[in-house]
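Listed here are the chains, written in short residue letters.
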Amino acid sequence: MAAEDDLVNHMHRVKTCERDLRDLGMLWQMIESSAAISCPLEVAPILPTLIQTRERFNDLQQRLIERMVNEQKTTLGDELMTQAQCAIDILVRNLYERTADVGFLATDDVVLEFCSGDADFQQAHRADMVHRLRDYQAKYTVYDDIVLLSPTGEVLVRMDTTETMVRSSDSIVAEALEAPAYVERFRVSDLGSGDTPDLLYAHRIASTAGASVGVLVLRFRFIDEMQRIFHSGDGQAPPEVALVLIDEAGRVIATNDEGHVPTSVTLRPVVNGQVVRTSFAGRDYLAVACASPGYQGYPGPAWRAQAMVSLLTAFRHRDGTAPVVEDILLDSPELVAINSEAQRINRDLRTAVWNGRLMASAQSDKQAHLKAVLTQVSVAGMRTRARVDTAIKDLYGISINRMQLRAEQLATLATDLMDRNLYERANDCRWWALSPALQKMLRAPDDGSETRAMNALLDHVNGLYTVYSRLIAFDNQGVIRGVSHAAEATGLVGTRVDPRWVAATQSLNHSQKYAVSDFEDTGTHAEGPTYVYLSAVHDAEDGNKPLGGMAIVFNAAREFTNMLEEILGERNGFAAFVEDASRVIASTGQATIDRSLIEVHGEHGVVAHEGTYYVCARIRARGYREFKASDGYDNRLSAVVALRLGAEEQRRVNLSDQPLANADRIDPAEAMEVAVFQVGAMRLALPASVLVEAVAKTEIVRTPNTNPAKLGLVDARSPRGNQMVPVICARQQFGVLYEPRPSDGVVLVLRSPQRPELPLMGLRVDDLLAVADIDRRTLQESPRGFQSFAPWVRGLLTMQVNTEHGKEPVLVQWMDVDWLTSLVQPAGVKADTSALSAAALVTMR
């Protein structure tokens, strides 16, 4: 705990709980001391229990405070880790697409023809080439410049025509000529935008004979993209959190707040994936750094994202808790253990007070002093229990808060990944429609001569972009002229596409326009419902005359499921993409998902389903860059993430949490002391005089028996020394057949009717409630016919319980002592209950 003391100073709720529990510990010491001084003989039997209870509460206090600190620290750590991991993962997925872009554009026929031409050809076609590069950038807006260079570094053409450099001295040109694939570099370059580092992608341009004819360089909009990642939707970091990208030397290369942690500073190294304490600019921070595991074989740059927050503000806005649903059994072994220990301590304390009251009843000369002490103990116990319960609820609330935050962040990440992925799909279909080779093939007569070449072209592209199940080219009449994977779809060429596709492509009058089908089945692939992206193909050589269309069939079943499964990981729950009307279009494993889990009020909530509680978050996808933001398209999808919290507690009310209220006035002539206990959902009572004591269920010695109501034997106190008596299960006798809670169970020891000084039997009940004084006139006869199905009931007792709404009346079943003792009496032995208590045989009024 000493290592966490400094953290506690920044956690207001934890400090308050620690102070309250410490004050209660002092109260217990005062009760022990005053009892030992004022009535040492009377409290001697229960004093060891009081001391043990105080010591156990002290131990529980330590565990509670440590757990509250750890929960708050873990919550903060989860928040920081999610922000850092999302940032680096989104970036690496984005850069993976860039490696594909540069390789594909380097093989573009127009680019190759331009770089292979002589100086006169290049001069004559430079304006056309600039136009084509700008056409490309208009679709792939993540780039701010595109350069074609000769093998010796001369600038052949550049999208940014304001730049006047004629020759680059950057070694990336020579590196690209030697590399088998792309080259990725982050540094200051004469191909860059100034004195700050730029992220460049380069690729060799090779002729059909394999000779190097040039180098393509794409300049990625690095700072712009990092700001979009840092401030994307609901996933952006709170203002007090610094979110930075650091290189392998620990130097900050991008930041969400220049005034907080500026670029170019070097941070102290921290271990990946752990909440660590570090310092920066003279202040202490809690920080988490995350590296990327890579994506589809692409490792990404050797960078890490780091989220960090000053210790002064780390817990300022994270000290609250979520509203606690009372009947959740959280899937947290440590929280369950703390709660169980608190219940055991409370039960042991109630047992001690219960036995003390029974002892006071049996020794009337010691009642006054002992009852006064027991009253103090009861009050202190209730106060301690209430404060511990509040602390445990805080723990539950913090844990639920953490799960809610995690679900929201994962759902936000899911929408971000989906929109970024589909952004690329909208780009691909428009760019491929500008292919001169595709235009040439669609321009040719439909005599089948171009089909093989077109299929080969589409196969080549589909092989590079495996997110598609099929690429399709069709003419103005909707007749399919070529497909990828033609061998798997024999007979598809020559058939017609969906008429809606034809109508959609014919409405596209600009190369920036695209269309998307509804999410539905299509005969062009066998992978279930999906999106089909559509673009119009126009003849660039004949005044943009319409030639037909390009349809790219997204493999939604595979790609969406992969996204969701990667996001959910090993967590217990599910993730799904759903439409506004709550139709599920993709999910992790579940064949059907109950609507209650996806129709969340607001953006998050706690939902019970089939005996299990989930924390659910539903986040609407907001688009990426111009996609779904300014291009007129919106597929109206949301991501839903549901994380399991725990099982639903069937018995929602602890009767021991509703203390029995003492009657306001009792006529001494009509006073009677009763012992009230719980079995299942029932409150039952016996005259206190028929009971010897209550003992723990762990004292039961199991014996072989075919009768489930007979549990074994228990060692009971008697004048002759301890004596073994049989134990009967009240649940079995009363027909309460559902499972008890693990903490349920205590044994009441009843006196023998013939010899009241001796124990006769044990009755295993669920819990002890109170030993209280009542007015015997509140005892009423049970309704006619009641004993036919509840033979143990002799009458009904009206009592009151203290609730948050004040005192409320409750009915307590008054048990028939004769019926109880007959369960263990030898046949033919009649109980003389008059020897037990005349009060038990009052005439029913």
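Each remark here, short or long, concerns the structure printed above.
As a starting point, this report considers the structure included with it. Counting restarts for each chain: residues are numbered from 1 in the order of the written sequence. Only residues with pLDDT of at least 70 get local features here, since the model is predicted, and only at 80 or more are side-chain atom pairs given and counted; chain-wide, interface and lining totals rely on the full set of residues. Note that water and hydrogens are dropped before the side-chain values are worked out from all heavy atoms of the structure.

1. Re the overall build of the chain
- When helices and strands are counted, the chain shows 17 helices and 34 strands.
- In summary, the chain has a C-alpha radius of gyration of 39 Å against a globular reference of 28 Å for 845 residues, an excess of more than 25%.
- Taking the principal axes of the C-alpha coordinates as reference, the chain spans close to 125 × 65 × 45 Å.
- Counting the 845 residues in the chain, one finds 55% classified as buried.
- Throughout, a contact is declared for two residues whenever any of their heavy atoms are within 4.5 Å. The long-range fraction of contacts in the chain, counting pairs at least 24 apart against all pairs at least 6 apart in sequence, stands at 64%.
- Per element, the accessible surface of the chain, about 36,700 Å² overall, is 51% carbon and sulfur. Only DSSP runs of H or I reaching four residues or more are called helices, and only runs of E reaching two or more are called strands; each is numbered from the N terminus. The globule rule used here is 2.2 Å times the number of residues to the 0.38 power, and the radius of gyration it is set against is calculated over C-alpha atoms. Type-normalised accessible area, obtained with a 1.4 Å probe on protein chains alone, sets the label of each residue: buried when under 20%, exposed when over 50%, and partly exposed for intermediate values. Here the accessible surface of atoms and residues is derived via Shrake-Rupley with a 1.4 Å probe, and residues count as covered only by protein chains that are part of the display.

2. Considerations on the pattern of salt bridges
- For this document, the term salt bridge refers to a Lys or Arg side-chain nitrogen within 4 Å of an Asp or Glu carboxyl oxygen. Enumeration over the complete set of coordinates arrives at 51 salt bridges.
- With a shortest N-O distance of 3.8 Å, K139 and D135 are connected by a salt bridge. One end of the pair is K139 and the other is D135, both in helix α6 (residues 119-139) and four residues apart, which spans about a single turn. Comparing K139 with D135, the two get one shared label, buried.
- Between D247 and R251 there is a salt bridge, and its shortest N-O distance comes to 3.2 Å.
- Counted as one network, the salt bridges with shared partners bring together R221, D224, E225, R228, D416, R420 and R625.

3. Describing the packing of aromatic side chains
- Here the aromatic set is Phe, Tyr and Trp, taking the six-membered ring for Trp, and pairing holds for ring centres within 6.5 Å; pairs whose planes are under 30 degrees apart are stacked, those over 60 apart are edge-to-face, and all others are tilted. Taken as a whole, this structure holds 25 aromatic pairs when the rule is applied.
- Consider the rings of Y423 and Y624, whose centres lie 4.9 Å apart with planes at 85°: the pair is edge-to-face. Here the residue Y423 occupies a position in helix α10 (residues 367-432), and Y624 occupies one in the loop between β20 (612-620) and β21 (637-648), the gap between them amounting to 201 residues.
- For the ring pair F554 and F560, a centre distance of 5.4 Å and an interplane angle of 70° mean the geometry is edge-to-face.
- F554 sits in the buried class, given a relative accessible area of 0%.
- Here F560 falls in the buried class, since its relative accessible area comes to 0%.
- Among the aromatic residues, ring-to-ring pairing joins F519, Y531, F554, F560 and F577 into one connected group.
- Whether a charge lies above a ring is judged from NZ of Lys or CZ of Arg, which has to be within 6 Å of the ring centre and within 35 degrees of the ring normal. Of note, R731 hangs over the ring of Y738, and the distance from its end group to the ring centre comes to 5.1 Å.

4. What about the packing of helix α5 (residues 109-116) against α6?
- Two numbers describe how α5 lies on α6: the axes approach to 10 Å, and their chain directions differ by 155°. Overall, the two elements α5 and α6 adopt an arrangement that is roughly antiparallel. Considering the relative orientation of α5 and α6, their crossing is left-handed. Between α5, through V110, V111, E113, F114 and C115, and α6, the contact on the second element is made entirely by F121, Q122, H125, R126, M129 and R132. Only the contacting stretch of a helix is used when fitting its axis, a line to C-alpha atoms as for every element, and angles between N-to-C directions run 0 to 180 degrees. The cut-offs work like this: below 35 degrees is roughly parallel, past 145 is roughly antiparallel, 65 to 115 is roughly perpendicular, and the gaps in between are oblique. By the definition used in this description, the sense in which the near helix is turned from the far one sets the handedness, with an anticlockwise turn below a right angle giving left-handed and a clockwise turn giving right-handed.

5. A word on the nonpolar core
- Here, nonpolar core means buried Ala, Val, Leu, Ile, Met, Phe, Trp, Tyr and Cys residues that are tied together by side-chain atoms lying within 4.5 Å of each other. By size, the foremost hydrophobic cluster in this structure holds 158 residues, and its most contacted members are L148, L245, W432, Y531, Y533, F560 and F577.
- With 25 residues, the single largest contributor to this core is α10.
- By size, the runner-up hydrophobic cluster in this structure holds 34 residues, among which are L358, V746, L748 and F786.

6. Section: empty space enclosed by the protein
- The method works on a 1 Å grid over the protein atoms by themselves. A cavity is a set of points holding a 1.4 Å probe that cannot get out, a pocket is an open set with protein on both sides within 12 Å along at least five of seven lines, and residues with an atom within 4 Å of a point line them. Grid points are joined across faces, edges and corners, and a volume is the space filled by probe spheres set on the points. Enumeration over the complete set of coordinates arrives at three cavities of 30 Å³ or more.
- Empty space within the largest cavity amounts to approximately 70 Å³.
- Lining the largest cavity, in full, are L21, L24, G25, W28, F57, N58, L60, Q61, T384 and V388.
- Counting residues per element, the ones that place at least two in the lining of the largest cavity are α2 (12-38), α4 (47-105) and α10.
- Put simply, Ala, Val, Leu, Ile, Met, Phe, Trp, Tyr, Cys and Pro go in the nonpolar bin, Asp, Glu, Lys and Arg in the charged bin, and everything else, Gly too, in the polar bin. Considered class by class, the residues forming the lining of the largest cavity number six nonpolar, four polar and no charged.

7. So, the sheet that holds strand β16 (residues 545-554)
- Spatial strand order, β13-β12-β16-β15-β14: five strands in an open sheet with antiparallel pairing. Each end of this open sheet is capped by a strand with a single partner; those strands are β13 (480-483) and β14 (515-516).
- In this description, strands pair whenever DSSP reports at least two bridges between them. The sheet contact formed by β14 and strand β15 (residues 532-539) spans two bridges and is antiparallel. Looking at β15, one finds that V516 is bridged to Y533.
- Here helix α13 (residues 499-506) sits on the sheet and contacts β12 (468-475), β14, β15 and β16; the angle it forms with β15, its principal contact strand, is near 50°.

8. Thoughts on the layout of surface pockets
- Looking at the second largest pocket, its volume works out to about 910 Å³.
- Along the walls of the second largest pocket sit 30 residues, with R132, L434, P436, Q439 and A540 positioned nearest its centre.
- If you tally residues by element for the lining of the second largest pocket, the top one is α6, at seven residues.

9. Quick word on the pairing of strand β28 (residues 723-729)
- Here strand β27 (residues 710-716) runs beside β28; their pairing, made up of six bridges, is antiparallel. In the strand pairing of β28, G712 is matched with V727.
- Connecting the antiparallel pair β27 and β28 is a turn made up of six residues, with G721 showing a positive phi of about 100°.
- Here β28 runs beside strand β30 (residues 759-765); their pairing, made up of three bridges, is parallel. The residue of β30 that forms the bridge with C729 is R764.

Remember, this is a structural readout, not a statement about activity or role.
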